[in-house]
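# Coordinates in review
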Amino acid sequence: MSREYDLVVFGATGFTGSLVCEYIAQLKDRDLRWAMVGRNNKKLQEVKARLVSYDAECEHRLNLLTADSGDREALDQVVRKTRVVISTVGPFTKYGTPLIDACVENKTHYVDITGEFNWVKSIIDKYQDKARQDGTMIVPSCGFDSIPSDLGTFMQHIRKKHGLSVASVKASVIEANGGVSGGTCQSLVEAMSDSSTTMAQTLDPYLLAPVRGTDKQPSVVMRKDKDFGQRWQAFWVMAPTNEKVVRRSWALLTQRGQGYGQLFRYKETLSLPFLPAFALTAVMVFFGPLFALMLRVGFLRRVIQKVLPGSGQGPSREARENGSYELQFYATAETEPYDHPVRVHGIVKGFKDPGYGDTCRMLAESALCIVKSHDALPGKEGGILTPATAFGDVLLDRLRADGKMVFEARDL
């Protein structure tokens, strides 16, 4: 498409949005036409002034656009000018739908960092058919939720190398050193308090998938796993979203005839020593359901929101640079009872704060996949996609390219 911009960043004055803009500025890509979008021009000017220190060309090449998520006319005016929208405007349950509507209506591709699976379900139900019909790529969850999980599962080479289907993948977060922003806290509250999603839907492992598989409703249990160094496996706060995204990838790939396998199962946990794992499990079992109910009571939710950090707050630059994370994966192939078992061990690793160092990189590179390599993408036919089904190996190659992230898989 011939449009004025290759991409625009919505929410550029927010904590995460400004970091995404910093990442793009540091690329110094002279072929990239991009702009920042926010509600307040003065704040946009302040972010732009910071970006000039990374790339002096931003002074003349970077445009500033104003639009509010509640102003549909302004959204349309911006969206019509660009090929791809990057959105960091959360909570998405509260603010995200008008921008999606504008993108689908104007056939503009879109990526974001949401972990709000209830909201993703709502946009699948509303926009999947038209986005697919028009070839518009709408790709939520392109940050730490849920690229490491989704691409970590996608990269397992059992089908390519051995010609076998994948029976199961289990993943564990071995390390996650990073901070939490106010925006993330507020998004979590909005998602958990969304009354449009029932408890049964929240627990449905295939909520986002167009076809169902063999995974059962999740349970909060702790167990020791020899594959993960005999460490205890406990509940991981991002697992409810990541597991649903991975299963949507499985379902969409199955519909394309490229699925992992009919019996595919996926489970994601957090590796901890015994006492922290026991404490976390006890909290989830006894207080988790109560907390979820409290968030659905208006005045209690408002009290909790006031106690939590507000939007715009987050970890310092030093903390972001010193963060790190590692996920490990064990994939098992479908084999006959007397055949030698085929297993693959995968590692996904990053060397910055997962939520605010590498999330910004993952989000920007997802958008750049569309800008630079649209015709080579497995998801170019459009629809509400996942990172694996939208970008596949193209994004894996971009994230591996400079050694700042590791995606590895080897036979056991």
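These numbers come from a predicted model, not from an experiment. (Residues numbered from 1 in each chain as written. Predicted model: local features only at pLDDT ≥ 70, side-chain atom pairs only at ≥ 80, totals over all residues. Heavy atoms only, no water.)

## Some remarks on the overall build of the protein
Secondary structure assignment for the protein yields 19 helices and 14 strands. On C-alpha atoms alone, the protein measures out to a radius of gyration of 21 Å, which is about the 22 Å that the 2.2 N^0.38 rule sets for 412 residues. When the backbone C-alpha atoms are referred to their principal axes, the protein occupies close to 65 × 50 × 40 Å. Out of the 412 residues belonging to the protein, those deemed buried represent 53%. Relative to all contacts within the protein whose residues are 6 or more apart in sequence, the contacts with residues 24 or more apart total 80%. Within the structure as shown, the protein displays about 18100 Å² of accessible surface, and the carbon and sulfur contribution to it stands at 53%. Here the protein contributes 52 positively and 47 negatively charged side chains, and the mean placements of these two sets differ by 2 Å. (Helix = DSSP H or I, 4+ residues; strand = E, 2+ residues; numbered from the N terminus. Rg over C-alpha atoms; globule rule 2.2 N^0.38 Å. Buried < 20%, exposed > 50% of the residue type's maximum accessible area, 1.4 Å probe, protein only. Contact = heavy atoms within 4.5 Å. Areas by Shrake-Rupley, 256 points an atom, 1.4 Å probe, with all protein chains shown as cover. Lys, Arg positive; Asp, Glu negative; His and termini not counted. Charge placed at Lys NZ, Arg CZ, Asp CG, Glu CD.)

## Looking at the pattern of salt bridges
Following the criterion strictly, the structure yields 26 salt bridges and no others. For the salt bridge of Asp393 with Lys160, the shortest nitrogen-to-oxygen distance reads 3.2 Å. Placement of the pair is Asp393 in helix H19 (residues 393-400) and Lys160 in helix H9 (residues 158-162), with a sequence separation of 233 residues. Here Asp402 ties to Arg361 by a salt bridge, and the two come within 2.6 Å at their closest N and O atoms. (Salt bridge = Lys/Arg side-chain N within 4 Å of Asp/Glu carboxyl O.)

## Focus on the environment of Phe286
Along the polypeptide, Phe286 turns up in helix H13 (residues 274-286). Exposure remark for Phe286: the relative accessible area of 61% places this residue in the exposed category. C-alpha separation for the pair Phe286 and Lys43, spaced 243 residues apart in sequence, amounts to 44 Å.

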